[in-house]
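Residue-level listing of the chains:
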Amino acid sequence: MKSITKKLELLAPAGSFESLMAAIQAGADSVYFGIEQLNMRTRSSSNFTVEDLQQVTALCRQHSVKTYLTLNTIIYDHDISMMKKIVDAARENGVDAVIASDIAVLHYAAKTGVKVHISTQANVTNIDAVEFFAAYADVMVLSRELTLMQVSALAKEIKRRRIKGPSGHNVRLEVFGHGALCMAVSGKCYLSLHSDFASANRGACVQNCRRTYIVTDKESGAELEVDNEYIMSAKDLCTIDFLDKIVEAGVSVLKIEGRGRSADYVFTTTKCYREAIEAVNDGTFSTEKVADWKSRLSTVYNRGFWDGYYLGRTMGEWTNDYGSKATKKKIFLGKGLKYFETAKVGEFLLETQSLRIGDDILITGPTTGVIQHTISALRVNDQEAESVQKGESFTMALEEKIRPSDKLYKIVDAQ
Amino acid sequence: MIRITQQRAKCIGCHACVDAAPHRWRVSRKDGKCTLIGSKEKKGWHIALVDEEEWPANLIAEKNCPVKIIRVEKV
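Throughout, residues of each chain are indexed from 1 in the direction in which the sequence is written. Chain letters start at A and ligand numbers start at 1, both assigned in the order the entries are written. Per-residue local features are limited, in this predicted model, to residues with pLDDT of at least 70; the limit for side-chain atom pairs, both in listing and counting, is 80 or more; totals at the level of whole chains, interfaces and linings are taken over all residues.

A. Examining the overall build of chain B more closely. The secondary structure listing takes helices from DSSP runs of H or I that are at least 4 residues long and strands from runs of E that are at least 2 residues long, numbered from the N terminus. A count of helices and strands for chain B gives 2 helices and 6 strands. Only the C-alpha atoms count toward the radius of gyration. The rule for a globule is 2.2 Å times the residue count to the power 0.38. Taken over the C-alpha trace, chain B has a radius of gyration of 11 Å; the compact-globule value for 75 residues is 11 Å, and the two agree within 12%. Projected onto its principal axes, the C-alpha positions of chain B cover 30 × 25 × 20 Å. When the 75 residues of chain B are sorted by exposure, 36% land in the buried category. Residue pairs qualify as contacts under a 7 Å threshold applied to their C-beta atoms, which are placed from the backbone. Expressed as a percentage of contacts within chain B between residues at least 6 apart in sequence, the contacts between residues at least 24 apart total 63%. Think of it as a crowd count around each C-beta: if 20 or more other C-beta atoms lie within 10 Å the residue is buried, if 12 or fewer it is exposed, and in between it is partly exposed, with C-beta placed from the backbone throughout.

B. Here's a closer look at the overall build of chain A. When you go through chain A residue by residue, the secondary structure sums to 10 helices and 22 strands. Its C-alpha radius of gyration of 23 Å places chain A within 12% of the 22 Å reference for a compact globule of 415 residues. Projected onto its principal axes, the C-alpha positions of chain A cover 70 × 65 × 55 Å. Across chain A, contacts joining residues at least 24 apart in sequence account for 67% of those joining residues at least 6 apart.

C. Inspection of the environment of Val124 of chain A at higher detail. All names here are of chain A. As for its placement among the helices and strands, Val124 is situated in the loop between strand 5 (116–118) and helix 5 (127–133). Its 26 C-beta neighbours within 10 Å are what place Val124 among the buried residues. Note: C-alpha distance between Val124 and Met140 (16 residues apart in sequence) is 7.4 Å. Each residue touching Val124, except ones within four places of it in the same chain, is listed here: Ile118, Ala129, Val130, Phe133, Met140, Leu142 and Ser143.

D. Representation of the interface of chain A and chain B within the structure. Facing the 17 residues of chain A at the interface are 12 residues of chain B. Amino acids are sorted into nonpolar (Ala, Val, Leu, Ile, Met, Phe, Trp, Tyr, Cys and Pro), charged (Asp, Glu, Lys and Arg) and polar (every other residue, Gly among them). Class assignment for the residues of the side of chain A that touches chain B results in 6 nonpolar, 6 polar and 5 charged.

E. Quick peek at the pairing of strand 1 (residues 9–13) of chain A. Residue and element names in this part refer to chain A. Counted residue by residue, strand 1 has 4 buried out of 5 residues, so it is predominantly covered. Think of it this way: DSSP has to see at least two bridges between two strands before they count as a pair. As paired strands, strand 1 and strand 11 (residues 253–256) are joined by 3 bridges and run parallel to one another. Looking at strand 11, one finds that Glu9 is bridged to Val253. Sheet topology places strand 1 next to strand 2 (residues 30–34); 3 bridges connect them, and they run parallel. In the strand pairing of strand 2, Ala12 is matched with Val31. Handedness of a crossover is defined as follows: orient the strands so they point away from the viewer, and if the path from the first strand over the helix to the second runs clockwise, the crossover is right-handed. Handedness of the crossover joining strand 1 and strand 2 through helix 1 (residues 17–26) is recorded here as right-handed.

F. Focus on the environment of Ser44 of chain A. All names here are of chain A. With respect to the helices and strands, the residue Ser44 is situated in the loop between strand 2 and helix 2 (53–62). A count of 16 C-beta atoms within 10 Å places Ser44 in the partly exposed class. On a C-alpha basis, the gap between Ser44 and Gly258 in space is 10.0 Å, while along the polypeptide they are 214 residues apart.

G. Representation of the domain arrangement of chain A in the model. Residue and element names in this part refer to chain A. As used throughout, domain bounds are those supplied by an automatic or database domain assignment. Along its sequence, chain A is carved into domain 1 (9–182 + 234–306), domain 2 (191–225) and domain 3 (328–413). Using only C-alpha atoms to locate each centre, domain 1 and domain 2 end up separated by 29 Å. Grouping the amino acids of the side of domain 1 that touches domain 2 by side-chain chemistry returns 2 nonpolar, 4 polar and 2 charged.

And the structure:
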C-alpha cells in the first residue's frame, strides 16, 4: 500500500483524570474535555473544575499533548458571565483551543485571543459555512452525517479557494472517528427536552433513544411492542477499517467520542486508532491488522459497530440490545496499597472476589492512568501463591508504578 | 412552611427553576449555577424555609429541574 505522509491528529476524550492519563499513555495527540457546565456532557461526565484546569494543561504540556476545551452548548443570556469566565480560564491556562458553536463564544474568544474550533453542534455541512466560520476558527468539526465524498470535496475546495483561518493557514477538517452517534442530525435532538425538560443541547440528554418503545393503536388501544430492535438507538461508529480512506479524504483531525466513558475504554480505543494511524502512515495498514483492532475495540463498551454515514448510507443502523455488547467486562477487586520502586513490585488489597495466576487485570487511577497486565506470579505474606482470596493483601511484579488511589479490576469474558 | 432543598454542585445552570419561581431562584454570575435565594448550605445541600404561598411555583421548579436536584416539601 502507498504510504501517506500527511499525519492525522488523534483527538481523545478526557472526562476525568483517569481518562486523561489513559489518553496520554495510549498515544493521543490531543485531548478534549469540559469544565463545569456549558459542555455537551454536563450530565454524563464528571467534568473538570476551573481549578483543575491548570493541572490538566500542565500535564498535557509535559507530554506534548494539545488541549481543547468544550464550550459548545446553546448559550443563553444568563450563561454569558460563566462562558466568559471559562474562556478567560482557557486563555490564562494556555488551552490550545475552545470547541464552540454559539456565536457569543466565537465572538468573545476572538476578542480575547483564544483559538476556536467549530463544534459539530454548528453542523458544518458545506463549503460556504466553512468559509464563514474561517473568520473565527482554524479547525472545523464537520457534521457527523456527511459522506466521505462530501468531506473530501470540502477538503479539496478549501485548498482551491485557499480558505484560511485566523492563523493564516488553510482551515483543517476534523471528523468523528469512533464512538456513540446521535439518532438525530448532530445537535438537533429535542426528545430529552420534551420528555424530561432536559435539553440535549445543554449537555443534559437523558438518552430517550436508547430505550425500547411500545406503539399503541389509538382506535383499539392495542399495544405493539417494537421487538428485537431499538428503533432509535444507533450503533456505535467505527471507522478503523477505512481509516486510510479518511486520511485520503483530507481529514486532519480524528476525534474519538467518549467523555462519559471509563479510562480503559479511552485507553483501548485511543491505542487502536494510534496504531492504525501509524500503520496508514508507514504503509502497513492491512485487513489482518484491522481484524485485530476491531477485536480489541469490541472488548470495551460498544453498542455494536457500523460505519456511520461516511460510506454513503442513507439510514442509520440501529442496535438490537440495551447497553453494551462489549466482549469483556471488568470486575472490581480492590485497591492499590504501595509500590516498591527498587524491586518494581506493587502491593494491593483484595477487597472482594478472588484472583489467580493467569488472570487478566486492569489498574486505573487519576495519576496512574491505565495498566493492563496478565498475572504471572503472586505473593501473599511474602510466600509464593497460586491465588489470592478476599481480604488478603498481596504483591506482584509490575513495571509501572501504582498508587493508593488506584483501583484494581479483573477482566473476564462478558458472557 | 415549606422546605426547599437543592444539591447545588450538580446544577447545570439551565434556568428552569428561575423561570418557574423567579423570586426564589437566580443564576449566579460567579459560577453560572442557580442559587436558592435565602438558603443556608449544609454538607452540599442548600436549604430554605419559605411561606406556603411559594409552594406552586417551586413545585414546578422541582418538576422541571432536568437534573432532579430540587426537592420541595411541606414541613
